[in-house]
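# A closer look at the structure
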Amino acid sequence: HQLRTPLATLQVQTERVLREPDPVRHSEALAHVLSAITRSRHMVHQLLTLARSERSGEQLLEMVRVDLAEAAREELERWADAAIARGIDLGYEGPDGDLPISGEPHLLREMIGNLVDNAIRYGQRGGRVTLSLTTAPVILTVDDDGPGIPAAERALVTERFYRRPG
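Reading guide: rules and limits
- Residues numbered from 1 in each chain as written.
- Predicted model: local features only at pLDDT ≥ 70, side-chain atom pairs only at ≥ 80, totals over all residues.
- Heavy atoms only, no water.
- Helix = DSSP H or I, 4+ residues; strand = E, 2+ residues; numbered from the N terminus.
- Buried < 20%, exposed > 50% of the residue type's maximum accessible area, 1.4 Å probe, protein only.
- Contact = heavy atoms within 4.5 Å.
- Areas by Shrake-Rupley, 256 points an atom, 1.4 Å probe, with all protein chains shown as cover.
- Axes fitted to C-alpha atoms, helices over the stretch in contact; angles between N-to-C directions.
- Parallel < 35°, antiparallel > 145°, perpendicular 65-115°, else oblique.
- Left-handed = near helix turned anticlockwise from the far one by under 90°.
- Nonpolar A, V, L, I, M, F, W, Y, C, P; charged D, E, K, R; others polar.
- Arc of directions from axis to C-beta.
- Polar contact = N/O pair within 3.5 Å; in protein donor to acceptor, adjacent residues only side chain to side chain.
- Expected span 1.5 Å × (residues − 1).
- Salt bridge = Lys/Arg side-chain N within 4 Å of Asp/Glu carboxyl O.
- Pairing = 2+ DSSP bridges.

### Re the overall build of the protein
Within the protein, the regular secondary structure consists of 5 helices and 5 strands. Order of helices (α) and strands (β) in the protein, N terminus to C terminus: α-α-β-α-α-β-β-α-β-β. When the 166 residues of the protein are sorted by exposure, 27% land in the buried category. Within the protein, contacts between residues at least 6 apart in sequence are counted, and of these 66% link residues at least 24 apart. Taken as a whole, the protein presents about 11300 Å² of accessible surface, with 56% of it coming from carbon and sulfur.

### Here's the deal with the packing of helix 3 (residues 68-78) against helix 5 (residues 105-122)
Remark: helix 3 packs on helix 5, axes separated minimally by 9 Å, with the N-to-C direction vectors making an angle of 45°. Taken together, the axes of helix 3 and helix 5 are oblique relative to one another. Relative to helix 5, the crossing made by helix 3 is right-handed. Counting all contacts with helix 3, which are made through Leu-68, Ala-71, Ala-72, Glu-74, Glu-75, Leu-76 and Arg-78, the residues of helix 5 involved are Arg-109, Ile-112, Gly-113 and Val-116. Residue classes in the contact of helix 3 with helix 5 are distributed as 6 nonpolar, 1 polar and 4 charged.

### Comments concerning helix 3
Every buried residue of helix 3 is accounted for by Leu-68, Ala-69, Ala-71, Ala-72, Glu-75 and Leu-76. Along the axis of helix 3, the buried residues cluster in a sector spanning 165°; they form a single face. Turned more than 90 degrees away from the buried face of helix 3, the exposed residues are Glu-77 and Arg-78. Its side-chain oxygen 3.1 Å from the backbone nitrogen of Ala-69, Asp-67 forms the N-cap of helix 3.

### Describing helix 5
Across its 18 residues, helix 5 extends 26 Å between first and last C-alpha, which sits within 8% of the 26 Å expected from 1.5 Å per residue. All of the buried residues along helix 5 are Leu-107, Leu-108, Glu-110, Ile-112, Gly-113, Val-116, Asp-117, Ala-119 and Ile-120. One side-chain oxygen at the N-terminal end of helix 5 lies 3.0 Å from the backbone nitrogen of His-106; it belongs to Glu-104.

### Looking at the pattern of salt bridges
Per the stated rule, a full pass over the model turns up 5 salt bridges. Residue Asp-98 pairs with Arg-65 through a salt bridge whose shortest N-O separation is 2.1 Å. Here Asp-98, found in the loop between strand 2 (89-93) and strand 3 (100-103), pairs with Arg-65, found in strand 1 (residues 64-67); they are 33 residues apart in sequence, far enough to count as distant. For Arg-109, the salt bridge identified is with Glu-74, shortest N-O distance 2.6 Å. Within this pair, whereas Arg-109 is found in helix 5, its partner Glu-74 is found in helix 3, the two being separated by 35 residues in sequence.

### Details of the environment of Asp-143
Mapped onto the elements of the fold, Asp-143 is located in strand 5 (residues 138-144). Residue Asp-143 is classed as partly exposed on the basis of its relative accessible area of 37%. Beyond its immediate stretch of four places on either side in the chain, Asp-143 contacts Arg-128, Val-129 and Thr-130. Within polar-contact distance, the side chain of Asp-143 engages the side chain of Arg-128 at 3.2 Å.

### Concerning the side chain of Glu-153
Note on placement: Glu-153 falls in the segment after strand 5. When residues no more than four places from it in sequence are discounted, the contact partners of Glu-153 are Tyr-162, Arg-164 and Pro-165.

### Some details on the pairing of strand 4 (residues 128-135)
Here 5 bridges tie strand 2 to strand 4, and the two strands are oriented parallel to one another. From the neighbouring strand, Leu-90 faces strand 4, where its bridge partner is Val-129. Sheet topology places strand 4 next to strand 5; 7 bridges connect them, and they run antiparallel. If you follow Val-129 over to strand 5, its bridge partner there is Asp-144. Linking two consecutive strands that pair antiparallel, namely strand 4 and strand 5, is a turn of 2 residues.

Structure follows, in structure tokens:
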């Protein structure tokens, strides 16, 4: 379902582009196609990351030393354009120096990116998103001024592919 719906949308929008004789509407339809491709690409990336993260047989994830502060700052830089586009004040509060943890670098960055993406995407336009790191114990927090998750749904958001209605 997660792949079929975006692909069906992409097909319908592409067919619309091919039929559209008006140049302005043609450009608008192409913008919708590009948006559908972007969403599909993101979904495929997430599915590949999920597949890579799961244990298969004897193969376990390789845990290495990762500088969490560096990874967090790099992910914030990666999401800066998206934050600017929504008028969001994107900030970092945490150590400038080394914050070593044991983890799988790609998956840690993906986790941070997902948290920041969600905060930017669902937070208030013109709002704020702050990634904070504490050192004793090591805690990573992404704080925003979005609507939050109702208490009754908080356990559900940790399930694969769960998305709140609306």
